[in-house]
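# Structural overview
If you want the building blocks of each chain, they are given just below.
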Amino acid sequence: MIPWVIIAFSILASVPATAQDRPIPRMQERFNVGGYIEVGRTTPHTFYPHTAPLPLPKATVTEANQDAANAAKRYMSRADFATGLIMMDHGKIVFEAYKGKGTRTSEFFSMSIAKSLTSLAVGKALCNGVLKSLEVPAAELVPETKINTLGRSTVRQLLMMSSGVWLTSFAGQPKFTGGLGHRPRTGKVYGGPSWPMRLGQMTVADYLWGFGWERAENKNHAEPGQVFVYKAADTLTLSKIIEKTTGMSLAAYFDQHVWRFVRAEKAAHWEADKDGSTIASSGFQATLRDWGRIAMWVLEQVKKPGCFGDYLRQATTTQIENARLGSGAGRTFDGYGYQWWTDNQYAPGFWGKGYAGQDMAINPKTNKILLKFSYRSTRGIYKVFRDWNRPRSENQ
């Protein structure tokens, strides 16, 4: 009999090296529920509660919703790393649960779901007339981007993650020669920009056209619009575009044109660098119910006529094929819209996704919403949402 160790080695050897070496997405639980702003050294943008928060009543108990709630409960019981899950049907709560450090008052950190929120701000800037067109090259709005393909990319191409500025290696980031910034206690360098920005060691500008750009590897790998590669740079460039065209940070613009209409119940925050630029690729945090209110607002707006409704319908449907290059984010999605994931192979609707297990699922066909936060992914949430959205005859 072949020893088990040899079998295990043979199986591992048959896996591509890139899959073997790819780190498991994870974060500390305390950061998943709002802890980053407690340790950061920059000042985040604060969003304030509405004077008349939007009510979130309990949904009527139906067989379909009860089955969905039971499935969600089973998921939460085995999802050791989940901190919060809410499901809503036509604006009413079907299921809501918290776990570990997650509570009703926790501000759940979005990771890359913030990219989808950035898209909302860009759409509002377009429809309010401060952004004249999605076909404007970034360099016409932010001249500093002329240094690389970000500047030659149109706003639309940035929304589609197709700037070609660099090929990523992990979590939407390229490799940086010599790293970026350093850990205060040990002096060890960081591999990406999030912590250096949070600690005031670098800015969004440093990342896009300063020393971050200089240290990035595999630069200008494709012409703008050629191919989808998931990366933070395109979203952060959109943040700078909103800043230049509106005269306020992206978070402040989002506050004025989105947040106030969400009618939130609690305060929320969005991280900024030391210059006050919004870290648009990540960094937004709010209570689970207020995340639900944001999703409800998006669901309402995507069905409305007019400029913003038209923009959202484009933003939440496939505009470019997921080439699954670089870090290979969103492997279960065949398409990408404007900072929204589309054509999920396993579940309906359009999605906002975040590193280590953040999910925002919205299905306009059924008016159903799911939001889940965790600090390490646990499989099964697609099935929960898929089964809930199926016609009852298919589930029986």
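Sequence order as written defines residue numbering, which begins from 1 separately in each chain. Owing to the predicted nature of the model, reporting of local features is limited to residues with pLDDT of at least 70; listing and counting of side-chain atom pairs is limited to 80 or more, with chain, interface and lining totals taken over all residues. Each side-chain value is worked out from all heavy atoms of the structure, with water and hydrogens disregarded.

Our focus in this paragraph is the overall build of the chain. Summing up its helical and strand segments, the chain has 18 helices and 14 strands in all. For a compact globule of 396 residues, the expected C-alpha radius of gyration is about 21 Å, and the chain comes in at 21 Å, within 12% of that figure. With the C-alpha coordinates of the chain rotated into their principal frame, the extents come out at 70 × 60 × 40 Å. For each residue, the accessible area found with a 1.4 Å probe, counting protein chains only, is set against the maximum for its type, and the residue is called buried under 20%, exposed over 50%, and partly exposed in between. Residue burial in the chain is summarised as follows: out of 396 residues, 55% are buried. Counting only contacts in the chain whose residues sit at least 6 apart along the sequence, the fraction spanning at least 24 positions is 67%. Residue-level accessible areas treat just the shown protein chains as cover; the underlying method is Shrake-Rupley with a 1.4 Å probe. A total accessible area of about 16,700 Å² is found for the chain, and carbon and sulfur atoms account for 53% of it. Labels follow the DSSP assignment, with helices taken as runs of H or I lasting at least four residues and strands as runs of E lasting at least two, numbered in each case from the N terminus. Our radius of gyration looks at C-alpha atoms and nothing else; its globule reference is 2.2 Å times the residue count to the power 0.38. Whether two residues touch is decided by their heavy atoms; if any such pair falls within 4.5 Å, the residues are in contact.

Attention now moves to the pairing of strand E10 (residues 333–336). Relative to E10, strand E9 (residues 320–321) is paired through 2 bridges, and the arrangement is antiparallel. When the sheet's bridge partners are listed, Ile320 is paired in E10 with Tyr336. Only strands joined by at least two bridges in the DSSP assignment are considered to pair. Inspection of the sheet shows E10 paired to strand E11 (residues 341–344) by 3 bridges, in the antiparallel sense. Looking at the pairing, Tyr336 lines up with Trp341 of E11. Following E10, the chain reverses through 4 residues before pairing antiparallel with E11; Gln339 in that reversal takes a positive phi of roughly 70 degrees.

This part covers empty space enclosed by the protein. Over the atoms rolls a probe the size of a water molecule, and in doing so it shows where empty space is left. Cavities and pockets were defined on a 1 Å grid built from protein atoms only: a cavity is a group of points that admits a 1.4 Å probe but offers it no way out, a pocket is an open group of points flanked by protein on both sides within 12 Å along at least five of seven lines, and a lining residue is one with an atom within 4 Å of any such point. Grid points are joined across faces, edges and corners, and a volume is the space filled by probe spheres set on the points. The tally for this structure, following the rule as stated, stands at 1 cavity of 30 Å³ or more. Here the largest cavity defines a volume of roughly 40 Å³. Looking at the largest cavity, the residues that line it are Ser194, Arg198, Glu271, Ile279, Ser282 and Gly283.

Another aspect to go through is the packing of helix H5 (residues 63–78) against helix H17 (residues 381–389). Only C-alpha atoms enter the line fits that serve as axes; for helices the fit covers just the stretch in contact. Angles between N-to-C directions range over 0 to 180 degrees. Viewed as axis vectors pointing N to C, H5 and H17 meet at an angle of 175 degrees, and their least axial separation amounts to 9 Å. Between H5 and H17, the crossing angle belongs to the class labelled roughly antiparallel. Every residue of H17 that contacts H5 at Ala64, Asn65, Ala68, Ala71, Ala72 and Tyr75 is listed here: Ile381, Val384 and Trp388. Only Asp, Glu, Lys and Arg are considered charged, only Ala, Val, Leu, Ile, Met, Phe, Trp, Tyr, Cys and Pro nonpolar, and every remaining residue, Gly among them, polar. In terms of residue class, the contact of H5 with H17 is built from 8 nonpolar, 1 polar and no charged. We call two directions roughly parallel when the angle between them is under 35 degrees, roughly antiparallel when it is over 145, roughly perpendicular when it lies between 65 and 115, and oblique otherwise.

Within strand E14 (residues 368–374), 7 of the 7 residues are buried, which leaves the element mostly enclosed by the surrounding structure. Of the two faces of E14, the one holding Lys368, Leu370, Lys372 and Ser374 and the one holding Ile369, Leu371 and Phe373 are both buried throughout. As paired elements, strand E2 (residues 82–89) and E14 share 7 bridges and run antiparallel to each other. From the neighbouring strand, Ile86 faces E14, where its bridge partner is Leu371. Alignment of strand E13 (residues 358–363) against E14, held across 5 bridges, turns out to be antiparallel. Considered in E14, the bridge of Asp359 is made with Lys372. From the end of E13 to the start of E14, which pair antiparallel, there are 4 residues, and Asn367 there has a positive phi angle of about 60 degrees.

So, on to the state of the cysteines. In this description, the term disulfide denotes a pair of cysteine sulfurs within 2.5 Å. Counted by the stated rule, this structure contains 1 disulfide. At a sulfur-sulfur separation of 2.1 Å, the disulfide partner of Cys127 is Cys307. Measuring the twist about the S-S bond at about -85 degrees, one finds the Cys127-Cys307 disulfide to be left-handed. Separated by 180 residues along the polypeptide, Cys127 in helix H6 (residues 113–127) and Cys307 in helix H16 (residues 307–315) bring together distant segments of the chain. Look at Cys127 and you get partly exposed, because its relative accessible area is 25%.

Put simply, two rings from Phe, Tyr or Trp (the six-membered ring, in Trp's case) pair if the centres are within 6.5 Å, and we call them stacked under 30 degrees between planes, edge-to-face over 60, tilted for the rest. Tallied over the full model, the rule gives 37 aromatic pairs. A centroid spacing of 5.5 Å and a plane angle of 65 degrees characterise the contact between Phe47 and Phe284, whose relative ring orientation is edge-to-face. Here Phe47, found in strand E1 (residues 45–47), pairs with Phe284, found in strand E8 (residues 284–286); they are 237 residues apart in sequence, far enough to count as distant. Here Phe47 matches Phe284 in class, with each residue buried. A centroid spacing of 5.6 Å and a plane angle of 85 degrees characterise the contact between Phe254 and Trp270, whose relative ring orientation is edge-to-face. Highlighted residues: Phe254 in helix H14 (residues 250–262) and Trp270 in strand E7 (residues 268–270), separated in sequence by 16 residues. Residue Phe254 is classed as buried on the basis of its relative accessible area, which comes to 0%. The exposure class of Trp270 is buried, given its relative accessible area of 0%. An aromatic cluster of at least three residues, connected via ring pairs, comprises Phe47, Tyr98, Phe108, Phe254, Trp259, Trp270, Phe284, Trp291 and Phe373. Think of it as a cone above the ring: NZ of Lys or CZ of Arg counts as a charge over the ring if it is within 6 Å of the ring centre and within 35 degrees of the ring normal. Its end group placed over the ring of Tyr36, Arg198 keeps NZ or CZ at 3.7 Å from the ring centre. Geometry around Trp213 places Lys219 over its ring, the cationic atom sitting 4.7 Å from the centre.

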